[in-house]
Amino acid sequence: MAEGGSDEFSGRLGLIFATIGAAIGTGNIWRFPRMVGANGGGSFLVPWLIFLFLWSVPLIIAEFALGKRSRTGTVGTFRIFAGKRFAWMGLWTAWISTAIGFYYAVVTGWCINYFQTAIRGGLGSEVDTVEVWNSFLQNPMEVVFFQAIAVAITMLAIWKGAKAIEKVNVSLMISLFVLLFAALFLAFVMDLEDGSLDGFVYMFSIQPEYLAQPETWINGLSQSAWSCSAGMGMAITYSVYMRKDEDTTLNAATMCLANNSISIIAGLTVMMAVFAVVDDPLAAVSGGSSAITFLVLPEVFAQAPGGPVVQLAMVTMFFLALSFAALTSMISTVELCVRNFVDHGIERPQAVGFTSLAIFFFGLPSAVTWILVDDSTGVAFPQFLEVQDHIWGYGLMFSGLFIAYSIWKYGWNRYRAWQEENDISGFSLRDYLDNGVSSFRDDFINTGDNDWWIGKWWDYIMYLGFPLMFSVLILSYFADMLANVDNPWDPTNANGISIILLFWGITAGLFIGLNRFIIINRIVPTSGNPWPLALLSGNFTLEPRPLYRNVPEGAEVPIDTLPGGEDPFIVEVGEDLPETFVDDYGETRPHTGSIIEAEIGYSYDQV
Amino acid sequence: MASSNSSSASDEVYRARRIPAVALILPLLLSVAAPIAMVTPVSAQDVESGLAPEDIWSDDYVNQIFPWAHESNDQLQFRSYHDYFSMKDRMQFLADRNPNFLEYHEGLLGGVNARGDEMTATEYEGWYYNHRSPWMKITANVGDGEYNEFNGDNGNYADRPDIMLVGNHHAREWMSFEVPMFFLEQLTYYYGMAGIDNDGDGLIDEDGWDGVDNDGDCLSLNASAQDSNGDGIACGPGDLGVDEDFSEQFITDMVNTREIYLIPMLNTDGVRYDMEEYCGPTAWENCYRSGWRKNLRDNTVTGVTPLPDIDEEVDSSCDGVDLNRNYQYEWGAPLGATGPLFPGACYSSGPNNDVYNGPVNYEDNDGDGLINEDHVDGSDDDADGQIDEDWLGGNSEPETKFIQDMTEMNDDDGDGASEFKATLSWHSFSELVLWPWGHCTDCDNPDQEFLEYHGNIMGDMTEYTALQSSDLYPTTGDFCDWHYGVHNSYCYTMEIGNAFHEYPEDIAHIAVRNVGVPWYMVEIADDPRYRAVVGIENTTGTQWIDMPSDVMVPSKGDIPIGMCLDSTFPFTSDINRTHLMWRLVEPTRQQDDFGPTEWISVSWSMSEFIEKDESCILLDGSNGTRIVSHIPLPDTAVGKIQYKAMLGTTNGAFPFTYPDSDTANYYELSIPYRAPFGSGILALLMFTFIATMVWGGLGFTLRAMFDDEGGVIGLPDDQSHLIDEEDL
């Protein structure tokens, strides 16, 4: 750390495993089979595969490129790439991920609980899975206990930084592969036993009428977008720990393909097992939400061939795999948040502890409040958690949009700079295409370190395809609510549109408003009052908030040309902060940062 | 579904393999069975198990000997026909013996009728034989009550509902005066009695009029004895053991609380002519399904009323008026109805003379100087404030005037309206129950479903077909259109039996089969509309729609949802009134990940119900009719069908819903995916493709990642120098 206090993955595989671990989550294992069932089996795989290359891979490439250059978390990345005034976009990205993390920890807790129930034989063929589920969900102590375990495991995994994250991810991911393959084998035997392998057949049969329905394509897109965590900022965060010569393009493709590979394995496992056992498999698979995972699958696995031992093994393996998938995603979520604190000068242990506690406490309402029972099925569900998902799930789309915006903005700035250099005035599309649109790709993607040269197609996707796909997703989401939700505009309707727009509006408004006071600057009380009082009395000034970049040895690349890169208070870890700054009134004033700098240096020395 | 298919397929394979094995052991089986085979002839009689009629009933009942006369009296035992005279004598005899509830009359006394015309008693006499139609006033204490000066009858009580029962508008329809006479005999004999074991089986009042063998005695007979009337229906109406032990108390109650006006033979002229001249006393031999229909008005020779020529062809004769075309409501119109081409016109050799409806009325009926300006149709055609005051024709005959004046002058409570809220007219033949309208086709009236309700009940009682009159064929100026149209009376026409002149040995069982109908009419005469309303409501409670668990979802194609309807329910198959409402609710494809299943909201679709030739058991245990609606659903659909039935009556006044909205708004039926899942080979191809793209792609990228020699994927030639330089 003496060399500058940077933190990095040990190697390429470490990064790959970390990102794959982040990408592979419960979505691969319970959302994907449901989508396959609901969208016509093989028909769904077509858009799902197409959008892998149209959405996920390009966006992850962008994220890697952004993070690798900025060497900061999401807030810093947007501060550098989109400019000071847009640093709040990074906070939005971080917030969405963290807000999802609040309830995702609860869900991870469910998975862990189901694993321990399974291994203790509590999910045998004789149990009523609805009963198991309801009694668990309606017992707040249990839910909170396992939520706490999920948070604790996550906290331990990221406490020590990138290398620890890497180790945990590698072992969890390899276990996940092994477990899933074993489960797949058993499911294959099950489906084969009834003579038809119909689960396999359905999953890979294209039903043409589904291909003609827009919903199939929208679902393929959304599944592709969520499953790879594209746009979530995860890849930005992990790329902070890239070595200097790390590839940004092939890694993105590898990560996404690995994610989809797991989806297929998990999907096949679920489909074959369900089709082998359930009378009306499609209704069971597409029936909705988490039901298939916690209600149908235990029942299905309990009927696996080979007797109680195999059945126990199967259900245990499945839920262990599910827990691992959830945990690795949880790790990336917390790390994303922690990284932003560390960027701004908070000690890592503090940041980890604070974030973990916040995730635990803000997750509590999702865990225990508003547990309802579905009238028609008698299955309990967490309404509060559901509303959280409803509100923040699609916020992810905007994170993706902001990433695209950074790229557009960089391209435009470069075009204007080129115009100035060559003394050209007046807009020319040809010039813009050559000297603006492609500049991000030229400058940050095709850097020479990558194993995969990215062509113009990426520009088209980022400039044209992405806004189009984004609009389709958001509009179809709202259209679906308009069509199928009663009173969608009633703000008290937890499933409505208004509640989403309200929360998005408040959050975005707050972040934009705080941008100047909290994110890029910080408040320094001028009187002796503690700062809440100082804030109220107006006795404060603003000074630039320092941002510390995690630049590994030899990876120093200038960032001056970036929209927010000229800020003297963006420094590499270990660098000295300027002692003065020029305030809004043009006055040069001393910065209090040197004190903090000293603290940081001290803490890293301890590590 | 797929599994059930495969299992049935394997059954077939299984069976195919078993056949040789069965063939091998067949001789063995036969040898074992041989002793049994020898026993069979002995026990064959056991196959036709059941009792003989003599085992159950009294000898009298078995031989259909009625208690009101000696068994040797053929006429009173309904083994031979009455004629005008014997009928009249019998009526007078009964009235003499039972003055407390029977009062005999002929025609009306006359006076100023409801239209202001001065009428004399002779104006009700038949044109030729000059009889006035005999009739019986039946009510308890008939000598008391108000006296009606015009009609001449006593026993008018304002609080007793009145009912008019009319037989024989058409001369040759002999059963139409036998049934009223049978009714009269029965009424007279049993009035005041209580609890008689009519059939001698030791039980009392165990099987009343409803067309069903309630006590199961007929059903316990051996099969050959179950259809005693030979109509092909075992233990149906008219068979021994069906409706054989009615309640005498009911008869007594009815006589005590109703005023019954029984006119067994309206067309006395026609009957005498048919019986004495046209066909003769044994008309069933030469006129089984023909004979003289009309009265004996002389249309061809003015001033004289000759007996129509015996040799005259019925259809080419203009003599006589069809009394059941001579009532005034919508008389003569529309022209499409069966009747002469022009109202009041009768040509020699012209068409439809057999239904000649009488002359056009050229009088200025209301004395306003205009003629025929307000025809009888229930509306004020000339807008002068009076309704139907100057008619086009009709009621020109003594017989129809008799009915008209009896109806219009019978106003016990003095409110100006006829007392007859229920009316019945007997005809033959065709085994039908008919109700208004007759004058227009595809036209509903405000009481449609109520008329239909009672009609259906009487149809069930007799196993006769119940339908609106004009559905048979349109008629104008008939008794029931006039009674319903002008006097708002629930009026039914019974078409008895299968011939005009039934064989004498059939009289009794046909009469037995039909006697429940007048009793039913008498009963509902108090308020037929209200009784229908209540009755329909009661039947709706016994009807049901298939529960989801009872629906058989076929392995492919439409999904049938059935209902069990009471046969008296005035059901209409019009899809706008009766239909299955259904919708397929599917999970939304954009489910939230953690909540309950969300469903796409869809609007309801309608599909029509079709009547099936199947019976079903209503909730009260009686037999109902099954109707089925088919939900068109592709085999690929998965989800839940929500369904409910909207059941409308013939004029749609009652949208009854099933299931009853008190218990559930609709039923929900899970529909599994029924189509094939796909082709194995194509799926394998698709799998190969996806696996190549995803797993192969992953392998490719991983290899490229660790293959430092491999260079950069997709690097354009013109860019390669950049990489090289930097690498160097």
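Everything here concerns the structure above.
We now turn to the structure provided with this report. (Residues numbered from 1 in each chain as written. Chains lettered and ligands numbered in written order. Predicted model: local features only at pLDDT ≥ 70, side-chain atom pairs only at ≥ 80, totals over all residues.)

## What about the overall build of chain B?
Consideration 1: Scanning chain B for helices and strands turns up 17 helices and 18 strands.
Consideration 2: Buried positions account for 46% of the 728 residues belonging to chain B.
Consideration 3: For chain B, the proportion of contacts with a sequence separation of at least 24, taken over those separated by at least 6, is 72%. (Helix = DSSP H or I, 4+ residues; strand = E, 2+ residues; numbered from the N terminus. Buried ≥ 20, exposed ≤ 12 C-beta atoms within 10 Å, placed from the backbone. Contact = placed C-beta atoms within 7 Å.)

## Regarding the overall build of chain A
Consideration 1: If you tally the helices and strands in chain A, you get 25 helices and 8 strands.
Consideration 2: Among the 607 residues that make up chain A, the fraction classed as buried is 56%.
Consideration 3: Put simply, of all contacts in chain A between residues at least 6 apart along the chain, 76% involve residues at least 24 apart.

## A short note on helix H14 (residues 516–524) of chain B
Consideration 1: Across the 9 residues that make up H14 of chain B, a large majority, 8, are buried.
Consideration 2: Among all positions in H14 of chain B, only Gly516, Val517, Pro518, Trp519, Tyr520, Met521, Val522 and Ile524 of chain B are buried.

## Observations concerning the packing of helix H5 (residues 87–119) of chain A against helix H18 (residues 383–392) of chain A
Residues and elements named next belong to chain A.
Consideration 1: It is at 10 Å that the axes of H5 and H18 come closest, and there the two elements cross at 155 degrees. The orientation of H5 with respect to H18, classified from their angle, is roughly antiparallel. As for the relative orientation of H5 and H18, their crossing is left-handed in sense. Side by side, H5 and H18 meet where Ile96, Ala99, Ile100, Phe102, Tyr103 and Val106 of the first sit next to Leu385, Gln388, Asp389 and Trp392 of the second.
Consideration 2: Of the residues contributing to the contact of H5 with H18, the split by class is 8 nonpolar, 1 polar and 1 charged. (Axes fitted to C-alpha atoms, helices over the stretch in contact; angles between N-to-C directions. Parallel < 35°, antiparallel > 145°, perpendicular 65-115°, else oblique. Left-handed = near helix turned anticlockwise from the far one by under 90°. Nonpolar A, V, L, I, M, F, W, Y, C, P; charged D, E, K, R; others polar.)

## Description of the nonpolar core
Consideration 1: If you look at the biggest cluster of nonpolar residues, it comprises 336 residues, and the most contacted ones within it are Ile60 and Ala321 of chain A.
Consideration 2: Ranked by the residues each element gives to this core, the list is headed by H5 of chain A, at 22 residues.
Consideration 3: Among all residues touching Ile60 of chain A, those that are not within four sequence positions of it are Cys228, Ala230, Ala235, Ala252, Met255 and Cys256 of chain A.
Consideration 4: Cys218, Leu221, Ala225 and Cys235 of chain B belong to the second-largest nonpolar core, a separate cluster that totals 6 residues. (Core = buried A, V, L, I, M, F, W, Y, C linked by C-beta atoms within 7 Å.)

## Looking at the pairing of strand S13 (residues 579–585) of chain B
All names here are of chain B.
Consideration 1: Pairing analysis gives 4 bridges linking S13 to strand S14 (residues 605–617), with the strands arranged antiparallel. Counted as the bridge partner of Trp582 is Ser605 from S14.
Consideration 2: Sheet topology places S13 next to strand S16 (residues 639–647); 7 bridges connect them, and they run antiparallel. Within the sheet, the bridge partner assigned to Trp582 lies in S16 and is Tyr643. (Pairing = 2+ DSSP bridges.)

## Things to note about unusual backbone geometry
Residues and elements named next belong to chain B.
Consideration 1: At the junction of Ser428 and Phe429, the peptide bond is cis and its omega measures out at 5 degrees in the coordinates.
Consideration 2: With respect to the element layout, Phe429 can be found in the loop between strand S7 (420–428) and strand S8 (432–435).
Consideration 3: Between Pro436 and the following residue, Trp437, the backbone shows a cis peptide bond with an omega angle of 0 degrees.
Consideration 4: Along the chain, Trp437 falls in the loop between S8 and helix H10 (448–462).
Consideration 5: Phi at Asn130 takes a positive value of approximately 60 degrees, unusual for a residue other than glycine.
Consideration 6: Tracing the chain through its elements places Asn130 in the loop between strand S3 (118–120) and strand S4 (134–138).
Consideration 7: The class for Asn130 is exposed, based on 12 C-beta atoms found within 10 Å.
Consideration 8: Despite not being glycine, Glu463 has its phi angle at roughly 60 degrees, a positive value.
Consideration 9: Within the secondary structure, Glu463 sits in the loop between H10 and strand S9 (465–468).

## Brief notes about the pairing of S16 of chain B
All names here are of chain B.
Consideration 1: Of all 9 residues making up S16, 7 are buried, and the element is well covered by its neighbours.
Consideration 2: With 5 bridges joining them, S16 and strand S18 (residues 667–671) adopt antiparallel strand pairing. Bridge pairing links Lys640 to Ser670 in S18.

## Things to note about the environment of Asp459 of chain A
Residue and element names in this part refer to chain A.
Consideration 1: Mapped onto the elements of the fold, Asp459 is located in helix H22 (residues 457–484).
Consideration 2: Measuring from C-alpha to C-alpha, the distance between Asp459 and Pro58 comes to 9.1 Å, with 401 residues separating the pair along the chain.
Consideration 3: If we skip the residues at most four places from it in the chain, Asp459 touches Val437, Ser438 and Arg441.

## Describing the sheet that holds strand S5 (residues 162–167) of chain B
All names here are of chain B.
Consideration 1: On the basis of which strands lie adjacent, the open sheet formed by 8 strands has the order S1-S4-S6-S5-S7-S10-S8-S9 and mixed pairing. Unpaired on one side and paired on the other, strand S1 (102–106) and S9 mark the two borders of the sheet. Going from strand to strand, the sheet's axes swing by 20 degrees on average, the running direction of each strand aside.
Consideration 2: Examined bridge by bridge, S8 and S9 share 4 bridges and lie parallel to one another. When the sheet's bridge partners are listed, Val433 is paired in S9 with Ala466.
Consideration 3: Packing of helix H5 (residues 175–190) onto the sheet brings it into contact with S1, S4, S5, strand S6 (259–263), S7 and strand S10 (490–496), and relative to S7 it is tilted by some 125 degrees.

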